[in-house]
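Chain residues, written in single-letter form:
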Amino acid sequence: MGSNSALYAPCPPLPNVQELVRSDPFQVPERYIRNEKDISNYADLCPPQLSSEVPTINFSLLSKGNKEELNKLDQACKEWGFFQMVNHGVEIEIMKGLKDSAQKFFKLPLEEKNRIAMPPNDIQGYGHSHVDQILDWSDKLVLVVYPQQYRKLEVWPPTPFKEAIETYSTELRRLGEDLVRSMSLVMGMEKDALLRLHQELVQPMSVAYYPPCFMPDKVLGLSPHSDKGTLGILMQEDDVPGLQIKHEGKWVPIKPLPGAFVVNVGDITEIWSNGKYKSIEHRVITNESKARISYSTFYLPHQNVEIEPLDQMVLQSPGSLPVYKKVKYGDYLKQTQKMKKEGKAHVTEVAKIGS
Ligand SMILES: O=C(O)CCC(=O)C(=O)O
Ligand SMILES: [Fe+2]
């Protein structure tokens, strides 16, 4: 073979981080090491008490239309873009069922896990999507769960993990739809209007495995980013923190409330609300001794939906002017996927008026 053949070879798969750590726990390849700016950011932590100020919302009251709880939702989305959600009605056994299956899956040998490897140029399956930037200290399994016709069953794990995903995601469908209904109310619409604006509510899920790292202050489990959909609901280990959110210029660690979910506003809610609700930059740090697994469920509109600030939200804004231009959701995703994960550059670069 001529030396040119390398030019035509597909991108080599990115390393499996869990395997890196297994083969040598004291090795951190250059491609994972953050630059000085990122590192100095580590020091930019908030005073610890702030972490307990992240709002908590009672889902059961919210879904009954309780005015006070709806007010809390409005405030939380405005001031934090993040909240913890209790009384969500998802049984502990269902949450535990998914956690147990995922733990077993990540313990399998790499060849087994790679049976459902993410194909090159795809985003579903086990592995990493290709990015041209400092690498994250994590591996993940990404699946589109709803609508069902989008499922790529060839990259779904086998039973019983598969069933656990199905059971959990059915519950999360109910939660997500109900939360979107509450968002519709706080955005001044009737309860089903926002769901209708989605045309269909697309629900992907990402299960991330963050191995321990012997130099936790040199790597990041997940680079700072904002989520690109409407909302996200995260389940995490009660005893291994790692998620941090940017609040008033500082990184605030989210201290997991046992059994609660962490909910966040995504870019599309920021655009629909004309910036009233904030899609907040967040990241994940690793720790020296414990692996962490997190389970993110996202809710997105159909890719043909044209997203723009809602009239009544523009009217509430200073000068009654829209801050974002109209963008087709599929185009928004395409444009932001090309960008590096660097904070929330995408909302500002792709959709902000004047950019
Ligand atoms: O692992 C976490 O806590 C956060 C995951 C996350 O932000 C994401 O998947 O977008
Ligand atoms: Fe995220």
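Residues numbered from 1 in each chain as written. Chains lettered and ligands numbered in written order. Predicted model: local features only at pLDDT ≥ 70, side-chain atom pairs only at ≥ 80, totals over all residues. Heavy atoms only, no water.

- Per an unreviewed UniProt entry, the protein chain is named Fe2OG dioxygenase domain-containing protein, and its organism is Rubus argutus.
- As its UniProt record puts it under Sequence similarities (unreviewed entry), the protein chain is described as follows: "Belongs to the iron/ascorbate-dependent oxidoreductase family." (UniProt positions renumbered as here; feature names shortened; annotations may be inferred.)

## As for the pairing of strand β12 (residues 292–299)
Here's step 1: Counting buried positions along β12 gives 7 out of 8 residues, so the element sits mostly inside the fold.
Here's step 2: Bridge count between strand β5 (residues 203–210) and β12: 6 bridges; the pairing is antiparallel. Counterpart to S206 in the pairing with β12 is S296.
Here's step 3: Sheet topology places strand β7 (residues 231–236) next to β12; 6 bridges connect them, and they run antiparallel. (Buried < 20%, exposed > 50% of the residue type's maximum accessible area, 1.4 Å probe, protein only. Helix = DSSP H or I, 4+ residues; strand = E, 2+ residues; numbered from the N terminus. Pairing = 2+ DSSP bridges.)

## Quick notes on the nonpolar core
Here's step 1: If you look at the biggest cluster of nonpolar residues, it comprises 70 residues, and the most contacted ones within it are F83, M85, L98, L179, M183, I233 and F261.
Here's step 2: No other element matches helix α8 (residues 161–186), which puts 10 residues into this core.
Here's step 3: One finds A208, L222, L243 and V252 within the second-largest nonpolar core, a separate group that totals 14 residues. (Core = buried A, V, L, I, M, F, W, Y, C linked by side-chain atoms within 4.5 Å.)

## A short note on the confidence of the model for the protein chain
Here's step 1: Scored by pLDDT, the protein chain has a mean of 90; 89% of the residues are at 70 or more.
Here's step 2: A low-confidence stretch, residues 1–9 (pLDDT under 50), is modelled with 0 contacts involving residues beyond four sequence positions or located in other chains.
Here's step 3: Predicted complex metrics record ipTM = 0.99 and pTM = 0.93. (pLDDT = per-residue confidence, 0-100. Contact = heavy atoms within 4.5 Å.)

## Digging into the coordination of the iron ion (ligand 2)
Geometrically, a metal with four donors at the corners of a regular tetrahedron has ideal angles of 109.5 degrees, and one with six donors at the corners of a regular octahedron has ideal angles of 90 or 180 degrees.
Here's step 1: Around the iron ion (ligand 2), the protein supplies H225 (NE2), D227 (OD) and H282 (NE2) as donor atoms, at distances of 2.1 to 2.2 Å.
Here's step 2: In primary sequence terms, the donor set of the iron ion (ligand 2) follows H-x1-D-x54-H.
Here's step 3: For H225, a relative accessible area of 9% puts it in the buried group. (Donors = N, O, S within 2.8 Å, 3.2 Å for Na, K, Ca; no water.)

## Re α8
Here's step 1: Here α8 is 26 residues long and its end C-alpha atoms lie 37 Å apart, about the 38 Å a rise of 1.5 Å per residue gives.
Here's step 2: At the C-terminal side of α8, G188 shows a positive phi close to 80 degrees. (Expected span 1.5 Å × (residues − 1).)

## As for the site of ligand 1
Here's step 1: The environment of ligand 1 is made up of Y210, L222, H225, D227, L234, L243, H282, V284, R292, S294, S296 and F298.
Here's step 2: In the model, an oxygen atom of ligand 1 is placed 3.0 Å from a nitrogen or oxygen of the H282 side chain.
Here's step 3: Taking S294, its side chain carries an N or O atom lying 2.6 Å from an oxygen atom of ligand 1.
Here's step 4: Surface burial for ligand 1 is 93%, taken as the share of its 290 Å² of free accessible area covered by protein chains.
Here's step 5: Contributions of two or more residues to the shell around ligand 1 are made by β6 (222–225), β11 (282–284) and β12.
Here's step 6: Take the shell around ligand 1: its biggest share by element is 4 residues, from β12.
Here's step 7: Of the residues contributing to the shell around ligand 1, the split by class is 6 nonpolar, 4 polar and 2 charged. (Near = heavy atom within 4 Å. Polar contact = N/O pair within 3.5 Å; in protein donor to acceptor, adjacent residues only side chain to side chain. Areas by Shrake-Rupley, 256 points an atom, 1.4 Å probe, with all protein chains shown as cover. Nonpolar A, V, L, I, M, F, W, Y, C, P; charged D, E, K, R; others polar.)

## Some words on the sheet that holds strand β1 (residues 56–58)
Here's step 1: Pairing within the open sheet is mixed, and its 8 strands lie in the order β1-β2-β10-β7-β12-β5-β4-β3. Each end of this open sheet is capped by a strand with a single partner; those strands are β1 and β3 (125–127). Pairwise comparison of adjacent strand axes, ignoring direction, gives a mean angle of 25 degrees for this sheet.
Here's step 2: In the sheet, β1 pairs with strand β2 (residues 82–86) via 3 bridges, with the strands oriented parallel. Opposite N58, over in β2, you have V86 as the bridge partner. (Axes fitted to C-alpha atoms, helices over the stretch in contact; angles between N-to-C directions.)

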